[in-house]
Amino acid sequence: MTAARIPAMMALAMLVAACGPTRPAPGIQGDPERGMVALTQYACHSCHAVPSIAGSKVYVGRPLEDMAERRYIAGKVPNTQANLVRWIMDPQAIDPGNAMPAMGVSERDAIDISAYLLSQ
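Residues numbered from 1 in each chain as written. Predicted model: local features only at pLDDT ≥ 70, side-chain atom pairs only at ≥ 80, totals over all residues. Heavy atoms only, no water.

Per an unreviewed UniProt entry, the protein chain goes by the name C-type cytochrome and belongs to Massilia arenae.

Shown next, in the form of structure tokens:
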């Protein structure tokens, strides 16, 4: 590898690191990087604008940026990781009749998705 390529590779690595999920705050469980992948697998970006995930601009569900700063989830329950996991897995159990369907998200995926959302 030439010396000229090293700075370019370092710049690329820094760009990738800046665009991806950050490490969650202490006490947050799960893997944010895996959560980012799970968000795309469950097609969350079909209804939500999701940080760092390319997709169309949709306005069905609320944008999922700044989740760590919100006080409540769906205006119903305090914004804790446990409540966010419950919401992701079964939103109808928390707010019957809301527009978000149960997507069959596993508990592990919900934990990782919540870690991703709370790390943004």
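K.L.:
Give a description of the pattern of salt bridges that names residues and reports values.
P.N.:
Under the definition given, this model contains four salt bridges. Of the charged contacts, one joins D109 and R34 as a salt bridge, the two residues approaching to 2.7 Å between their closest N and O atoms. Of this pair, D109 sits in helix α5 (residues 107-118) while R34 sits in helix α2 (residues 32-41), placing them 75 residues apart in sequence. Using a relative accessible area of 9% as the deciding quantity, one classes D109 as buried. One salt bridge in this structure joins K76 and D95, with 3.8 Å as the shortest N-O distance. Separated by 19 residues along the polypeptide, K76 in the loop between β1 (72-73) and β2 (77-78) and D95 in the loop between α4 (91-94) and α5 bring together distant segments of the chain. (Salt bridge = Lys/Arg side-chain N within 4 Å of Asp/Glu carboxyl O. Helix = DSSP H or I, 4+ residues; strand = E, 2+ residues; numbered from the N terminus. Buried < 20%, exposed > 50% of the residue type's maximum accessible area, 1.4 Å probe, protein only.)

K.L.:
So what about the nonpolar core? Which residues, and what values?
P.N.:
Counting residues in each nonpolar core, the largest one holds 21 residues, and the members touching the most others are L39, L84, I113 and L117. Elements that contribute at least two residues to this core include exactly α2, α3 (81-89) and α5. In terms of residues, this core owes the most to one element, α5, which gives five residues. (Core = buried A, V, L, I, M, F, W, Y, C linked by side-chain atoms within 4.5 Å.)

K.L.:
Can you explain α5? Please cite residues and give values.
P.N.:
Three- or four-residue spacings in an α-helix give side chains the same orientation, since the helix completes a turn every 3.6 residues. With twelve residues, α5 extends 16 Å from end C-alpha to end C-alpha; this agrees with the ideal 16 Å at 1.5 Å per step. Judged by how many residues are buried, α5 sits mostly within the fold: nine of twelve residues are covered. For α5, the secondary structure elements touched by its buried residues are α2 and α3. (Expected span 1.5 Å × (residues − 1). Contact = heavy atoms within 4.5 Å.)

K.L.:
Go over the packing of α2 against α5 with me, naming the residues and quoting the values.
P.N.:
Here α2 crosses α5 at 105 degrees, and the two axes come no closer than 7 Å. Relative to α5, the element α2 is oriented roughly perpendicular. Packed against α2, whose contacting residues are P32, R34, G35, M36, A38 and L39, the element α5 presents R108, D109, D112, I113, A115, Y116 and L117 at the interface. Its residues placed into classes, the contact of α2 with α5 shows eight nonpolar, one polar and four charged. (Axes fitted to C-alpha atoms, helices over the stretch in contact; angles between N-to-C directions. Parallel < 35°, antiparallel > 145°, perpendicular 65-115°, else oblique. Nonpolar A, V, L, I, M, F, W, Y, C, P; charged D, E, K, R; others polar.)

K.L.:
Can you lay out the packing of α3 against α5 for me, pointing to particular residues and giving the numbers?
P.N.:
The contact between α3 and α5 brings their axes to 9 Å, and the two run at 125 degrees. When the axes of α3 and α5 are compared, the pair comes out oblique. Crossing of α3 against α5: the hand is right-handed. Where α3 abuts α5, its residues Q81, L84, V85, I88 and M89 lie against E107, A110, I111, I113, S114, A115, L117 and L118. (Left-handed = near helix turned anticlockwise from the far one by under 90°.)

K.L.:
Lay out the side chain of Q81 with the relevant residues and their values.
P.N.:
The residue Q81 is located in helix α3 in this model. A polar side-chain atom of Q81 sits 2.9 Å from a polar atom in the side chain of S114. The contact partners of Q81, leaving out residues within four places of it in the chain, are G27, I28, Q29, I111, S114, A115 and L118. (Polar contact = N/O pair within 3.5 Å; in protein donor to acceptor, adjacent residues only side chain to side chain.)

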